[in-house]
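# Commentary on secondary and tertiary structure
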Amino acid sequence: MTALLDIKDLRSYYGQVQALHGIEFHLKEGSMTALLGTNGAGKTTTIRAICNMVRSTGTIQFEGKPLMGKSTESIVRLGIAHVPQGRGTFTTLTVEENLQLGAITRKDTKVIASDIEKMYSYFPKLKERHTQQAGTLSGGEQQMLAVARALMLRPRLMLLDEPSFGLAPLIVRDLFGIIGKINREDKVSILVVEQNAQLALEIADQAYVIETGRIVMSGSASDIVNNEDIQKSYLGH
Amino acid sequence: MELFINQVLAGISTGAIYACMALAVVMIYQAIDHLNFAQGEMAMFSTFIAWQMMQWGVPYWWAFILTIIVSFLGGILIERLLFKPLAKAPVLTNVAGFIALFAIINSVAGLIWDFTIKQFPSPFGSSPFLGSQLISTHQAGMIGVTVVLLIALFLFFRFTRVGLAMRAAATVPESARLVGINTSWMIALGWGMASAIGAIAGILVAPVVFLEPNMMGGVLIYGFAAAVLGGLSSPLGAVIGGFLVGIFENLAGTYIPGVGNELKLPIALALIITVLVVKPNGLMGHTVVKRV
Ligand SMILES: Nc1ncnc2c1ncn2[C@@H]1O[C@H](COP(=O)(O)OP(=O)(O)O)[C@@H](O)[C@H]1O
Ligand SMILES: [Mg+2]
């Protein structure tokens, strides 16, 4: 069986500085895969490389098709939704316009309205504020909006960059609950980047650990949770 | 009192032209964060195209529509050929590009149509509007066209997907790409629309200032003043700014001793500087509400 996403020998550069040194991993259809690592390890760079937002070499295949060299927008149009670090909210536009933008490339315009309603059922707070400027939302609400906006693409694969960042623990629980549900019920494959390893390993099935631009460990989430090195360096036991 | 009303009305009708130019300026500023110094020359060139068509016997409104279409395509072409390659270049390189474009269009127009002034017809005529001596039918027409244009733009940006995509690309380009918007084409589209709007401004002002290659110089400065006053990010602000600048210019010329026609231009410049100092976001500029 071929992987949904298959990455080999990925090297990425910021100017002269090399941030990734030959990353290799794959993600199975339907999987929820976690990419763990400390600050500066190269997690964001990895998922930015998938969308061609940083200069890279190597091979990245999505459903067997090479992504390397394609523009960011055409990669997104293949069904890869990216929730960027910092959320990427269109702050001057309304909440509802942000959601419409998530579906801006879709041809099936008739069902977009019902998809927006579906997002409101996942995140009722967004419905309450649907006419408000998105910049007025709290951090947690903006994160929900970013996830909802990504889902409006009806993606095959969703890339989430530190969805828990800066959020209160209770809100994080909610959000991860919904992310898990989206993965199971809507069959969206997910690659989630997290510094909060504990949290990510609870909902992921596979996990990779990245350190200074290299994958140093991989396996099922349960193997990783039980690994002694991981417990020491990432889970604080 | 009659003089005052007269001057205000005259101000509103010249203001309509400034408003159109300001709309064009805002359109490109939104797309690329630069003021296009060649905007006026592009408008002038478009007006010559309309004039040429009419010389060939094309009826006024057909020439009007065809010129808008040609200008729209021309604006896109200029962006693709000249400014897309400069997208990542420093500000000064872009400014040099605008000035080069200005000079090229100006001399090409002079070469083709020479520098003698030409009469340009008005579809509205110049009789008193509704029997009033205060305002002519052409002036009323200019105001009407500007208002219709503003409403059309509002509807476009508010209710169409392309309009929404353009707004998204203008505000957060990276996020726009991440929802699949081709931001580069949105910029080209902005150029096309700006060029088409400029063409309308040129065609409307030509019966008043007469057609010649330098006809838009002063108008563009006022257009900049209007756009800055309106906030550079808001079409509505640009139009209100245009009307205010027009009124202000006329009243200053009438009531402030010593301000004749020669001093009107410095007044526009003084206005730009004052606005930038006192209210840098203009009257209607985005105040971005942020919560951390
Ligand atoms: N825009 C940038 N310019 C230069 N270096 C960068 C840039 N972004 C990230 N880096 C470097 O690349 C490495 C990986 O960063 P990043 O992928 O953001 O890490 P993570 O997301 O795992 O915290 C770090 O050493 C960081 O300093
Ligand atoms: Mg990061």
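Quick note: structure is the one above.
Quick caveat, the model's predicted, so the values are computed rather than measured.

### Examining helix α3 (residues 95-102) of chain A
Here α3 of chain A lies mainly inside the structure; six of its eight residues are buried. Buried within α3 of chain A are the following residues: V95, E97, N98, L99, L101 and G102 of chain A. Summarising the contacts, the buried residues of α3 of chain A are in contact with α4 (112-122), α5 (124-128) and α6 (139-151) of chain A together with α5 (137-159) and α6 (161-171) of chain B.

### Considering the nonpolar core
Membership of the largest hydrophobic core comes to 90 residues, with the highest contact counts inside it found for L101 of chain A together with L23, F120, I181, W191, M216 and V245 of chain B. If you tally residues by element for this core, the top one is helix α1 (residues 2-32) of chain B, at 14 residues. When sequence neighbours within four positions are dropped, the list of residues in contact with M216 of chain B reads M21, G40, E41, A43, M44, G202 and V205 of chain B.

### Describing α4 of chain A
Residues and elements named next belong to chain A. By the burial criterion, the buried members of α4 are I112, D115, I116, M119, Y120 and Y122. Viewed end-on, α4 has its buried residues packed into an arc of 155°, placing them on one side of the element. Projecting away from the buried face of α4 at angles above 90 degrees are the exposed residues A113 and S121.

### Considerations on the site of ligand 1
All names here are of chain A. By nearness alone, every residue bordering ligand 1 is listed as Y14, A19, T38, N39, G40, A41, G42, K43, T44 and T45. G40 is positioned with one of its backbone polar atoms (N or O) 2.7 Å from an oxygen atom of ligand 1. In isolation ligand 1 offers 550 Å² of accessible surface; the protein chains occlude 58% of this area. Looking at which element gives the most residues to the shell around ligand 1, the answer is helix α1 (residues 43-50), with three residues. Across the shell around ligand 1, the residue classes break down as three nonpolar, six polar and one charged.

### Brief notes about the sheet that holds strand β7 (residues 157-161) of chain A
Residue and element names in this part refer to chain A. Judged by pairing direction, the sheet is mixed, and its six strands sit side by side in the order β6-β7-β8-β3-β9-β10 without closing on themselves. For this open sheet the edge positions go to β6 (80-83) and β10 (214-220), each flanked by a neighbour on one side alone. For this sheet, the mean angle separating the axes of adjacent strands, direction not counted, is 15°. Here strand β3 (residues 32-36) pairs with strand β8 (residues 189-194) via five bridges, running parallel. Directly across from A34, in β8, lies its bridge partner V192.

### Topic: the interface of chain B and chain A
Counting residues at the interface gives 24 residues for chain B and 32 residues for chain A. For the pair chain B and chain A, the two sides together bury roughly 2,300 Å², of which 60% comes from carbon and sulfur. Here chain B is connected to chain A by two salt bridges. One salt bridge in this structure joins R167 of chain B and E97 of chain A, with 2.8 Å as the shortest N-O distance. Where chain B packs against chain A, one counts seven residue pairs in polar contact (both at pLDDT 80 or more). Only α6 and α7 (173-178) of chain B provide two or more residues apiece to the side of chain B that touches chain A. Ranked by the residues each element gives to the side of chain B that touches chain A, the list is headed by α6 of chain B, at six residues. Residues that form the side of chain B that touches chain A fall into these classes: ten nonpolar, seven polar and seven charged.

Criteria and thresholds
Residues numbered from 1 in each chain as written. Chains lettered and ligands numbered in written order. Predicted model: local features only at pLDDT ≥ 70, side-chain atom pairs only at ≥ 80, totals over all residues. Heavy atoms only, no water. Buried < 20%, exposed > 50% of the residue type's maximum accessible area, 1.4 Å probe, protein only. Helix = DSSP H or I, 4+ residues; strand = E, 2+ residues; numbered from the N terminus. Contact = heavy atoms within 4.5 Å. Core = buried A, V, L, I, M, F, W, Y, C linked by side-chain atoms within 4.5 Å. Arc of directions from axis to C-beta. Near = heavy atom within 4 Å. Polar contact = N/O pair within 3.5 Å; in protein donor to acceptor, adjacent residues only side chain to side chain. Areas by Shrake-Rupley, 256 points an atom, 1.4 Å probe, with all protein chains shown as cover. Nonpolar A, V, L, I, M, F, W, Y, C, P; charged D, E, K, R; others polar. Pairing = 2+ DSSP bridges. Axes fitted to C-alpha atoms, helices over the stretch in contact; angles between N-to-C directions. Buried area = accessible area lost by both parts, 1.4 Å probe. Salt bridge = Lys/Arg side-chain N within 4 Å of Asp/Glu carboxyl O.

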